[in-house]
Amino acid sequence: MGTEYFYDTTTGEVTEGRQRGWRGRMGPYATRAEAEKALETADKRTSAWDEDEDFGRPADGTD
């Protein structure tokens, strides 16, 4: 297993490995650059889910 990087939402720091508790930690990410963009990535995914009319519905099409 390779090195994992995490973004700490409390401090804004990227850490190598799990150096802190789970609270406020985003990741793991494969690279430091990916971890540095954690908030941007989360924002893009949230926006895409908000625009997806089928998000959250059962896969079988029932409501």
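Remember, it's a predicted structure, so these values are computed and weren't measured experimentally.

A. Fine view of the overall build of the protein chain. Broken down by element type, the protein chain carries two helices and three strands. In the protein chain, the order of α-helices and β-strands from amino to carboxyl end is β-β-β-α-α. Its C-alpha atoms give the protein chain principal-axis dimensions of roughly 45 × 25 × 20 Å. By residue count, 16% of the 63 residues in the protein chain fall in the buried class.

B. Inspection of the environment of aspartate 8 at higher detail. Residue position: aspartate 8 is located in strand β1 (residues 5–8). For aspartate 8, a relative accessible area of 9% puts it in the buried group. Taking C-alpha positions, aspartate 8 is 8.5 Å from arginine 20, a pair spaced twelve residues apart along the chain. Every residue in contact with aspartate 8, bar those within four places of it in the chain, is listed here: Glu13, Arg20 and Gly24. A polar contact of 2.8 Å, which involves the side chain of aspartate 8, links it to the backbone nitrogen of threonine 10.

C. Here's a closer look at the confidence of the model for the protein chain. Looking at the protein chain, the pLDDT average stands at 87 and 94% of residues meet or exceed 70. The least confident element of the protein chain is helix α2 (residues 38–51), whose mean pLDDT is 89; the most confident is helix α1 (residues 32–36), at 97.

D. Fine view of the packing of aromatic side chains. Enumeration according to the criterion identifies zero aromatic pairs in this entry. Above the plane of the ring of phenylalanine 6 lies arginine 25, whose end atom (NZ or CZ) is 4.9 Å from the centre.

E. Highlighting the sheet that holds strand β3 (residues 25–29). Strand order in this open sheet of three strands is β2-β1-β3, and the pairing throughout is antiparallel. A strand with exactly one partner marks an edge of an open sheet, and here the two such strands are β2 (14–16) and β3. Taking the axes of each pair of neighbouring strands and ignoring which way they run, one obtains an average angle of 25° across the sheet. By the bridge criterion, three bridges tie β1 to β3 in an arrangement that is antiparallel. Its bridge partner being in β3, tyrosine 7 is matched across the sheet by methionine 26. Lying on the sheet, α2 is in contact with β1 and β3; it crosses β3 at an angle near 95°.

Reading guide: rules and limits
- Numbers given to residues run from 1 along each chain, matching the order in which its sequence is written.
- It should be noted that, the model being predicted, local features are given only for residues of pLDDT at least 70 and side-chain atom pairs only at 80 or more, the latter also being counted only at that level, while totals for whole chains, interfaces and linings use all residues.
- Processing note: side-chain calculations cover all non-hydrogen atoms of the structure and skip hydrogens and water entirely.
- In DSSP terms, a helix is any run of H or I states spanning at least four residues, a strand is any run of E spanning at least two, and both are numbered starting from the N terminus.
- Relative accessibility decides the category of a residue: with a 1.4 Å probe and only protein chains considered, values under 20% of the type maximum give buried, values over 50% give exposed, and everything between is partly exposed.
- Contacts: residue pairs with any heavy atoms within 4.5 Å of one another.
- Whenever a nitrogen or oxygen atom comes within 3.5 Å of another N or O atom, the pair is scored as a polar contact, on the condition that within protein one atom can donate a hydrogen and the other can accept it, and that pairs from neighbouring residues in sequence are kept only if both atoms are in side chains.
- Per-residue confidence from the predictor is given as pLDDT, running between 0 and 100.
- The rule is short: rings of Phe, Tyr and Trp, with Trp giving its six-membered ring, pair when the centres are within 6.5 Å, and they are stacked under 30 degrees, edge-to-face over 60, tilted in between.
- Counting as a charge over the ring demands two things of the Lys NZ or Arg CZ atom: a distance within 6 Å of the ring centre and an angle within 35 degrees of the ring normal.
- In this scheme, strands are said to pair when DSSP sees at least two bridges between them.
- All axes are obtained by fitting lines to C-alpha atoms, using only the stretch in contact for helices, and the reported angles, taken between N-to-C directions, cover 0 to 180 degrees.

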